[in-house]
Structure formats: structure tokens, C-alpha cells
Amino acid sequence: MLQKNRFSILAGMLALPVVTAAQPDTLRKLADLRGIYVGATYSSSNTIRTAAYDTTLARNFNGVVAENAMKHQPLLPSRGNYNWTTADNMVAFAEARGMKVRGHTLVWHSQTATWFNNLTGDAASRDTTLKIMRHHIDSLAGRYKGRIHEWDVVNEAIAQNGGVSPNYRTEAASRWHNRIGPDYLDSAFTWAQRVDSAALLFYNDFGGEFMNSKSQNVYDLVNGLKTRGAPIHGVGLQCHFGNNTVDTAAMGQNMRRLAALGFAISLTEIDIQIGTSGTPT
């Protein structure tokens with residue numbers, strides 16, 4: 001079920017055989033051998049990014065994704081003034097080392113710029129917000145046109161409360177949805193494709209890895225986008241797990257039904273919590 005040429009740290013973990021002298025000696029070499037991409041975040045923290053960090057990142061991974069540098073607020077702290085430094089450095093770092101880049105994220109309800117959040121009246125109208133969103137997609141995707149393997153076009157548009165589809169986020173922070181309407185997703189994918197037709201375009205979310213109400217909402221959302229003709233290529237499953245919460249049978253069932261719609265599947269943010277207090281389990 002794990003797609004060829006997709007980021008998937010779990011794919012690399014599940015595929016890892018018993019190491020012998022004849023086996024590749026790094027995760028990256030094994031991923032290359034298997035024809036998959038296994039990625040990690042590129043931190044913008046100067047205290048984290050040391051020479052040893054860079055060496056380990058390039059040695060073990062053939063893909064990289066920005067931790068925060070491509071999100072709206074860090075990238076655009078004041079209107080019209082983009083801070084490209086960390087994103088530029090990440091893309092250059094990856095290209096110099098033959099690594100694929102995953103763009104994260106063009107449109108997300110969280111971490112939007114303060115100036116955008118504070119807009120009111122006509123400045124926060126549907127038409128104006130659409131123009132702001134399109135300009136941002138044009139600016140971000142356009143700057144790295146031809147250099148991004150996959151884009152998270154829209155991130156976490158579905159609510160977590162298990163409501164009946166379509167169960168969009170409508171809380172106060174969901175300004176793209178509340179100011180534009182649910183068709184902002186269609187517009188975002190359409191504009192992203194027009195800017196960079198070579199990139200694979202993904203919807204990304206958490207909590208929908210298994211067979212549950214959230215995964216049903218995600219399924220209905222991406223199926224609806226595809227049915228309406230939006231240029232969506234894949235689904236990102238974030239995979240924030242506990243060490244005893246991975247139902248592989250249910251996850252496989254969910255991935256198979258997404259694949260049956262023609263979608264690529266990436267496991268995009270995988271982490272496994274090993275304990276919240278006391279001795280880690």
C-alpha cells in the first residue's frame with residue numbers, strides 16, 4: 001500500500017530488514033533501494049541545526065520538509081514582506097544533497113499571520129480573502145516552482161468532533177473557511193496546480209489514519225474535491241501515534257480505499273509518543 005516515490009518514514013521502518021554486511025548501512029540508502037522517499041523536518045532553530053544535525057539529516061533521509069518556515073505567520077509576519085531566509089536555505093540544502101522537498105503548507109487555519117487575523121469589514125470579505133489566498137499561493141508556490149516534490153495544499157480543514165460530512169472546521173481561527181466558504185479548498189488546489197503543474201498536490205490531516213468518523217470525513221472531502229475536478233493527487237496521513245495505538249489492519253483498510261480513488265498516500269508527520277510522565281514505556 002505504501003506508494004512508490006512518496007515520503008513515508010513509516011514505510012522505511014516497516015520495510016527495514018535484518019541488517020547484514022551486504023545491506024545498506026543507512027536508512028537513506030535503504031529507501032533509495034526500495035524506491036521510496038523517507039523524510040524529516042528541517043529545523044529553523046539555530047540551537048538545533050548544528051553540523052552534526054545537518055550530517056545526520058543528509059545521511060539518513062532523502063527527503064526534507066520545513067518545520068515552520070513555510071507557514072503563513074513565520075513566512076509573512078507583516079503584509080507584503082516575506083521572510084524567505086529559512087525556506088530558501090532548506091531548499092538549497094536539499095538540492096545540494098539530492099533530497100526531495102515537501103512543501104508545508106500553502107493554506108492552514110492555524111499559524112496565520114496576525115495582520116491577516118485582525119482584518120475586519122471589507123478587508124475580510126470573501127473576495128478580498130480569496131485575493132489574499134491566491135497571492136500567497138502564487139508567491140510561495142511560484143518562488144519554488146519546479147523544486148517541490150509534494151505540496152500540502154490545504155492542511156487540517158476537517159473538524160475533530162466526529163460530525164457528519166462535510167464536517168469542516170468552523171471555529172473562530174478557521175478564517176479561510178469562515179470568510180470564503182468551503183470552496184476555498186477547490187480554489188487552493190486549482191491555483192496551486194496553475195502555479196506549479198509538476199508538484200504533487202496533497203490534502204493533509206491528523207486523526208484519520210484508521211477507520212473512524214474523521215477518516216470518513218477526510219475520504220468524503222477528497223472524493224468530493226476529485227469529483228468536482230480539483231487537481232488533487234494525494235492524501236497525507238499525519239500519523240501522530242502512541243506506542244500502542246497503531247491498528248495496522250484498520251490503517252491498511254483506510255489506505256486501500258483512498259488508493260482505490262486514485263490517490264497517492266504519504267505518511268507525513270509520523271511520531272510515536274512513548275510516555276507522558278514517569279519512566280517512558
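Here the residue numbers are simple positions, counted from 1 along each chain's written sequence. In keeping with the model being predicted, local features are shown solely for residues with a pLDDT of at least 70 and side-chain atom pairs are shown and tallied solely at 80 or more, while totals for entire chains, interfaces and linings include all residues. Side-chain figures throughout are based on the complete set of non-hydrogen atoms in the structure, without hydrogens or water.

Draft legend 1. Here's a closer look at the sheet that holds strand S3 (residues 100–108). Strand order in the open sheet made by the 7 strands is S1-S2-S3-S4-S5-S6-S8, with parallel pairing throughout. Both edges of this open sheet fall to strand S1 (39–42) and strand S8 (264–267), since each of them pairs with a single strand only. Neighbour-to-neighbour, the strand axes of this sheet turn through a mean angle of 30°, independent of strand direction. Any two strands with at least two DSSP bridges between them are considered paired. Elements are defined by DSSP. Helices are runs of H or I of four residues or more, strands are runs of E of two residues or more, and each kind is numbered from the N terminus. As paired elements, strand S6 (residues 234–237) and S8 share 4 bridges and run parallel to each other. Paired with Gly236 across the strands is Ser266, a residue of S8. Strands in contact with helix H10 (residues 213–227) are strand S5 (200–205) and S6; relative to S5, the strand with the most contacts, it is inclined by about 150°. Axes here refer to lines fitted to C-alpha atoms; in helices the fit is confined to the stretch in contact. Angles between the N-to-C directions go from 0 to 180 degrees. In what follows, residue pairs with any heavy atoms lying within 4.5 Å of each other are defined as contacts.

Draft legend 2. Expanded view of the packing of aromatic side chains. Note on aromatic contacts: the rings of Phe and Tyr and the six-membered ring of Trp form a pair at centre separations within 6.5 Å, being stacked when their planes are under 30 degrees apart, edge-to-face when over 60 apart, and tilted otherwise. This structure, assessed with the given rule, holds 6 aromatic pairs. For the ring pair Trp84 and Tyr144, a centre distance of 5.9 Å and an interplane angle of 75° mean the geometry is edge-to-face. One end of the pair, Trp84, is in the loop between helix H4 (72–75) and helix H5 (85–96); the other, Tyr144, is in the loop between helix H7 (126–143) and strand S4 (150–155), and 60 residues separate them in sequence. Accessibility classification places Trp84 together with Tyr144 in one group, the buried group. Each ring, one from Phe210 and one from Phe241, has its centre 5.6 Å from the other, and the planes form 20°; the classification is stacked. Taken together, the residues span a long stretch of sequence, with Phe210 in the loop between S5 and H10 and Phe241 in strand S7 (residues 240–242) at a distance of 31 residues. Of the residues examined, Phe241 reaches a relative accessible area of 5% and is grouped as buried. Members of the aromatic cluster, connected to one another through ring pairs, are Tyr82, Trp84 and Tyr144. Lying over the aromatic face of Phe93, Arg49 brings its terminal NZ or CZ to 6.0 Å of the ring centre. Any Lys NZ or Arg CZ that is within 6 Å of a ring centre and within 35 degrees of that ring's normal is treated as a charge sitting over the ring. For the cation-ring pair, Arg179 lies above Phe116, with the distance from its terminal atom to the ring centre recorded as 4.7 Å. Working definition: with a 1.4 Å probe on protein chains only, accessible area under 20% of the residue-type maximum means buried, over 50% means exposed, and in between means partly exposed.

Draft legend 3. Up close: the environment of His104. Assignment of secondary structure puts His104 in strand S3. Of the residues examined, His104 reaches a relative accessible area of 7% and is grouped as buried. For His104 and Met70, which are 34 residues apart along the polypeptide, the C-alpha to C-alpha distance reads 6.0 Å. The residues touching His104, leaving out its near neighbours within four places in the chain, are Val65, Ala66, Met70, Lys71, Trp151, Asp152, Asn155, Asn204 and Glu269. In the analysis that follows, any N or O atom pair within 3.5 Å is treated as a polar contact, provided that within protein one partner can donate a hydrogen and the other can accept it, and provided that, for residues neighboring in sequence, both atoms belong to side chains. At a separation of 2.7 Å, a polar atom in the side chain of His104 contacts the side chain of Asp152.

Structural measurements only, silent on function.
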